[in-house]
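Next come the chains, spelled out residue by residue.
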Amino acid sequence: KGCPGVVTIVGEPGIGKTYLAEHYFCRLNRCNYIYSKSNQFKSADSIAISKVIEQLTSYTLTLSKQNLKKIQIAIEKAIGSDLSLLYKINPSIIQITSQPVQTAINDLIKTKYRVKNAVLKYISIIAEYCFPLVIFFDDLQWIDALTNEIVRTLIKKIDQSNVMLVLSYRSN
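All residue numbers refer to positions counted from 1 along the written sequence of the respective chain. Local features in this predicted model are restricted to residues of pLDDT 70 or higher, and side-chain atom pairs are both shown and tallied only at a pLDDT of 80 or more, whereas totals for entire chains, interfaces and linings draw on every residue. Excluding hydrogens and water, the side-chain values take into account all heavy atoms of the structure.

Labels follow the DSSP assignment, with helices taken as runs of H or I lasting at least four residues and strands as runs of E lasting at least two, numbered in each case from the N terminus. If you tally the helices and strands in the protein chain, you get six helices and four strands. Any two residues having at least one pair of non-hydrogen atoms within 4.5 Å are treated as being in contact. Taking the intrachain contacts of the protein chain between residues at least 6 apart in sequence as the baseline, contacts between residues at least 24 apart amount to 75%. Computed with the Shrake-Rupley method and a 1.4 Å probe, the accessible areas treat only the protein chains shown as cover for residues. If you sum the accessible surface of the protein chain, you get close to 9700 Å²; carbon and sulfur atoms cover 54% of it.

Take a look at the structure:
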């Protein structure tokens, strides 16, 4: 049936945290499983939430045309012009939305807040159609700042979502 929640897997490097999570989720039926691994050696394209957006978009494309249209309408209505901010994180969203209108970036702090809210709305809308949705963030100790803020907000609002978060990180 599924329910929202947070699961943490903590252990020494190489102990099998990733294997444990993957092995467990491969056995679940009717579970939509999204995986994002953070990298110690960050690069410009290493925003962990980008991988989540890409996988959510790919999964959404497998839904019926009717549900895909409902998701498209909901996303465009809820996120509006901030879709262009999501597009900059991961252009794959163009596959389920119309061409985003460019949004001006005048204030970095406000823009960061808008990006975070747009990502949270994106996850929330897709989770309504992909329930139960499990998002696994692996190697959380290497997570980028934006994804860290999004994960913290998801944890705080977990009871209001259709998402189960699985977080793995090193104990050292």
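Don't stop here, the text continues.
Turning to the sheet that holds strand E2 (residues 32-37), a few remarks are in order. Paired strands, in this sense, are two strands between which DSSP finds at least two bridges. Strand order in the open sheet formed by four strands is E1-E4-E3-E2, with parallel pairing between adjacent strands. Sheet topology places strand E1 (5-11) and E2 at the edges, where each strand pairs with a single neighbour. Pairwise comparison of adjacent strand axes, ignoring direction, gives a mean angle of 15 degrees for this sheet. Strand direction decides the pairing type here: E1 and strand E4 (residues 163-170), joined by seven bridges, are parallel. Within E4, the position partnered with Gly5 by the bridge is Met164. Across the sheet, helix H2 (residues 48-60) is in contact with E2 and strand E3 (133-138); its angle to E2 comes to roughly 155 degrees. Orientation is described by axes fitted as lines to C-alpha atoms, over the contacting stretch for helices, and by angles from 0 to 180 degrees between their N-to-C directions.

Per-residue confidence for the protein chain averages 84 on the pLDDT scale, and 87% of its residues sit at or above 70. Confidence, expressed as mean pLDDT per element, reaches its minimum in the protein chain at E2 with 77 and its maximum at helix H3 (residues 65-79) with 93. Per-residue confidence from the predictor is reported as pLDDT, a score between 0 and 100.

Let us now look at the nonpolar core. For soluble globular proteins, the rule of thumb is that nonpolar side chains tend to be buried together. By convention a nonpolar core is built from buried Ala, Val, Leu, Ile, Met, Phe, Trp, Tyr and Cys residues, the set being connected through side-chain atoms within 4.5 Å. Only protein chains enter the accessibility calculation, which uses a 1.4 Å probe; a residue whose area is less than 20% of its type maximum is buried, one above 50% is exposed, and one in between is partly exposed. Judged by nonpolar contacts, the single largest core of 40 residues is most densely connected at Tyr122 and Phe137. Elements represented by at least two residues in this core include exactly H2, H3, helix H4 (83-89), helix H5 (108-129), E3, helix H6 (145-156) and E4. At nine residues, H5 tops the list of elements feeding residues into this core. Every residue in contact with Phe137, bar those within four places of it in the chain, is listed here: Ser36, Ile49, Val52, Ile143, Thr147, Val151, Leu165, Val166, Leu167 and Ser168. Ile9, Ala21, Phe25 and Val166 belong to the second-largest nonpolar core, a separate cluster that totals six residues.

Taking every second residue as pointing to the same face, the buried face of E2 carries Asn32, Ile34 and Ser36, while none of Tyr33, Tyr35 and Lys37 on the other face is buried. Across six bridges, E2 lies against E3 in parallel orientation. Bridge pairing links Asn32 to Leu133 in E3.

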